Amino acid sequence: MVGLKEELLKSIWHAFTALDLDRSGKVLSHNLCTVLNVPHDPVALEEHFRDDDEGPVSNQGYMPYLNKFILEKVQGNFDKVEFNRMCWTLCAKKNLSKSPLLISDEDAFKVWVIFNFLSEDKYPLIIVPEEIEYLLKKLTEAMGAGWQQEQFDHYKIALNTSREGLSAWELIDLIGSGQFSKGMDRQTVSMAINEVFNELILDVLKQGYMLKKGHKRKNWTERWFVLKPNIISYYISEDLKDKKGDIMLDGNCCVEALPDKDGKKCLFLIKCLDKSFEISASDKKKKQEWIQAIQSTVSLLRAGSPPPHKEARQKRKELRQKLLAEQEELERQMKELQTANENKQKELETVRKQLEAAAARAAEEEKKRLQTQVELQDRFSLELEREKMVRQKMEEQVAQKSSELEQYLQRVRELEEMYKQLQEALEDEKQARQDEETVRKLQARLLEEESAKRAELEKWHLQQQQTIQMTEAEKQELENQRMIKEQALQVAMQQLEQLELERKEALEQYEEVKKKLETAANNTKSWKDKVAHHEGLIRLIEPGSKNPHLITNWGPAAFTEAELEQRQKNWKGKKTASE
């Protein structure tokens, strides 16, 4: 009901603005009640149209009465064409152009109704360029002509520079001037307007002649069919004067193709809950178009969607509202940027003034500085002379300090040289100790071999004595063994002598190493005395004390007393094992 009320208000607005309400307001209200099938209320009518300042002689006064006593009582059981024609009759005479048009008054009326359908929901009513383009395209398509997009773009640019859109009367002048229908006769234009009017206003989705099979006599009769969003009406002819029946459509209806029969071709069947209808189209193309149109209509009824042209109009409005909102947001951002720019300009102006003030202060300070500079020059001259004298004294002190520093550096270099020599002496001592350790290890190995040989000799000697005490039967055999052992003993003695020679050579090497060690120790002691003499800067690192050495027949032993005891125990153990 809200959408119906908005559509009614647009037509009423045209009639309302064209009348002098002081004299014709009652006539408009009476006519509205008549065409809208609203009960008359003479008392309320006279009360609202009484001759005082509170009567409906203005928009503010008439609209409450219109809403309360007329529009709120509308049920929808009225003829929309008759309602629009009544409003058109009231406003056309005053507003319609007097210049000759290429369309009839009836076509102008239909264009006026289409304008009310496509116009914006704000007053005064206008149709925006996007809807003008949509309408002109529909008309051009209905006329079978080609759409001239470039021509309309030029017209749209000229229109946008002067206004937002066209009024109903300007739209009628535009279509009646033939600017976008050049080369078309009046009849073709009239048929195109009527086709668009039927689609957009009367909700005619499809219409045309087809054959219908009767339910009683089963004969085939030609009828003019008109498809609307919820009904298919069929008439005797296309003038729609003699209506023969309706086919009520809902979500349960369906349509299906039938094979040719009874000499009829291009058959299809419309199934409803109460009955079915057999229809024959003129050709296969018309048959397919009708089947698709009816199926689309039933699908919209099932989904509860409005007719395609109304849904498309709503989508176009939503798109324009979205673009308008984006444009407003862009304008708001531009204003914010402009405000920010102005604030920046103000800040820059403030900074400029501050810079000018700072420049003035700098000039004043420069003047004071020049005055102060003259005063300071004399003072600096005196201080410069004083500084020269101080500088000379400092140069003398620096020369003296440089001489002392040179002596100190020379002393440091001497100490570094002594430190290097001391390092070399320590390296020599370290190498001598390593040689001594090597000789000691060699001596220890020779002593171990000597001990082993002595143990072996004693073992052979013991075996020889045991062999002598054997019986005479074994004497010969033992004698042979003795000879073999004596030979082995001689070999062992030779080896022992060889070991003795090696031990003597090791002892001589030990003596040489010992002399080197004593020489290194003396060198270390002499360098230690020299370093102690030069202010004690370096402390010699002396080898630590050692345990007292054992003295053997061949000189100092290479092992300690505890090591000797351990070796004696090992020797006794081996001797016991051999016995």
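Described in the following lines is the structure provided in the data block. (Residues numbered from 1 in each chain as written. Predicted model: local features only at pLDDT ≥ 70, side-chain atom pairs only at ≥ 80, totals over all residues. Heavy atoms only, no water.)

Describing the overall build of the protein
Then, number 1: Counting its secondary structure elements, the protein contains 14 helices and nine strands.
Then, number 2: Scored against the burial criterion, the 579 residues of the protein give a buried share of 31%.
Then, number 3: Within the protein, contacts between residues separated by at least 24 positions form 63% of all contacts whose residues are at least 6 apart in sequence.
Then, number 4: Put simply, the protein shows about 38500 Å² of open surface, and 51% of that area lies on carbon and sulfur atoms. (Helix = DSSP H or I, 4+ residues; strand = E, 2+ residues; numbered from the N terminus. Buried < 20%, exposed > 50% of the residue type's maximum accessible area, 1.4 Å probe, protein only. Contact = heavy atoms within 4.5 Å. Areas by Shrake-Rupley, 256 points an atom, 1.4 Å probe, with all protein chains shown as cover.)

Side note on the pattern of salt bridges
Then, number 1: For the structure shown, the criterion picks out 31 salt bridges.
Then, number 2: Here the salt bridges do not stand alone but share partners, grouping E120, E131, R316 and R320 into one network. (Salt bridge = Lys/Arg side-chain N within 4 Å of Asp/Glu carboxyl O.)

Let's talk about helix α5 (residues 80-95)
Then, number 1: Taking 1.5 Å as the rise per residue, α5 with 16 residues should run 22 Å; its terminal C-alpha atoms sit 22 Å apart, in good agreement.
Then, number 2: The largest bend along α5 reaches roughly 35° and is located at T89.
Then, number 3: Buried within α5 we find F83, N84, M86, C87, W88, C91 and A92.
Then, number 4: N-capping of α5 is provided by D79, with a side-chain oxygen placed 3.0 Å from the backbone N of V81. (Expected span 1.5 Å × (residues − 1). Bend = angle between axes of the 7 residues up to and from the residue. Polar contact = N/O pair within 3.5 Å; in protein donor to acceptor, adjacent residues only side chain to side chain.)

Focus: the nonpolar core
Then, number 1: Membership of the largest hydrophobic core comes to 63 residues, with the highest contact counts inside it found for L8, L32, L36, F83, W88, W112 and I172.
Then, number 2: Per element, the largest residue contribution to this core is nine residues, and it comes from helix α6 (residues 105-118).
Then, number 3: Setting aside residues no more than four positions away along its own chain, L8 makes contact with L36, L71, V74, F78 and F83.
Then, number 4: In terms of nonpolar packing, the next biggest core, distinct from the first, is built from 21 residues, I232, I247, I270 and A293 among them. (Core = buried A, V, L, I, M, F, W, Y, C linked by side-chain atoms within 4.5 Å.)

Side note on the packing of helix α12 (residues 308-468) against helix α14 (residues 561-578)
Then, number 1: Packing of α12 against α14 leaves a shortest axis separation of 11 Å and a crossing angle of 25°. Viewed along their axes, α12 and α14 adopt a mutual orientation that is roughly parallel. Of the two possible hands of crossing, α12 and α14 adopt the one that is right-handed. In this structure, α12 contributes A444, E448, S451, A455, E458 and K459 to the contact, and α14 contributes R567, W571, K575 and S578.
Then, number 2: Broken down by class, the residue content of the contact of α12 with α14 amounts to three nonpolar, two polar and five charged. (Axes fitted to C-alpha atoms, helices over the stretch in contact; angles between N-to-C directions. Parallel < 35°, antiparallel > 145°, perpendicular 65-115°, else oblique. Left-handed = near helix turned anticlockwise from the far one by under 90°. Nonpolar A, V, L, I, M, F, W, Y, C, P; charged D, E, K, R; others polar.)

Focus: unusual backbone geometry
Then, number 1: For the bond running from Y123 to P124, omega is -5°, close enough to zero to count as cis.
Then, number 2: Along the chain, the position of P124 falls in the loop between α6 and α7 (129-143).
Then, number 3: Here K218, not a glycine, exhibits a phi torsion of approximately 60°, which is positive.
Then, number 4: Looking at the secondary structure, you find K218 in the loop between β1 (206-213) and β2 (220-228).
Then, number 5: With phi around 55°, D262 is a residue other than glycine that occupies positive phi space.
Then, number 6: The residue D262 is located in the loop between β5 (254-258) and β6 (267-271) in this model.

What about a negative patch on the surface?
Then, number 1: On the surface, a cluster of negative charge is contributed by E416, E417, E424, E427 and D428.
Then, number 2: Of note, E417 is situated in helix α12. (Patch = residues over 30% accessible without salt bridge, like charges linked within 9 Å, V, L, I, M, F, W, Y side chains within 5 Å. Lys, Arg positive; Asp, Glu negative; His and termini not counted. Charge placed at Lys NZ, Arg CZ, Asp CG, Glu CD.)

Overview of helix α11 (residues 284-303)
Residues spaced three or four apart along an α-helix point in a common direction, a consequence of the helix completing one turn every 3.6 residues.
Then, number 1: Under the 1.5 Å per step criterion, the end-to-end length of α11 is 29 Å for 20 residues, consistent within 8% with the ideal 28 Å.
Then, number 2: What α11 keeps buried is the set K287, W290, I291, A293, I294, T297 and V298. Buried residues of α11, seen end-on, are gathered within an arc of 165° and therefore sit on one face of the element. Facing away from the buried side of α11 by over 90 degrees, the exposed positions are K284, K285 and A303.
Then, number 3: In this structure, the buried residues of α11 make contact with β1, β2, β3 (231-235), β5 and β6. (Arc of directions from axis to C-beta.)

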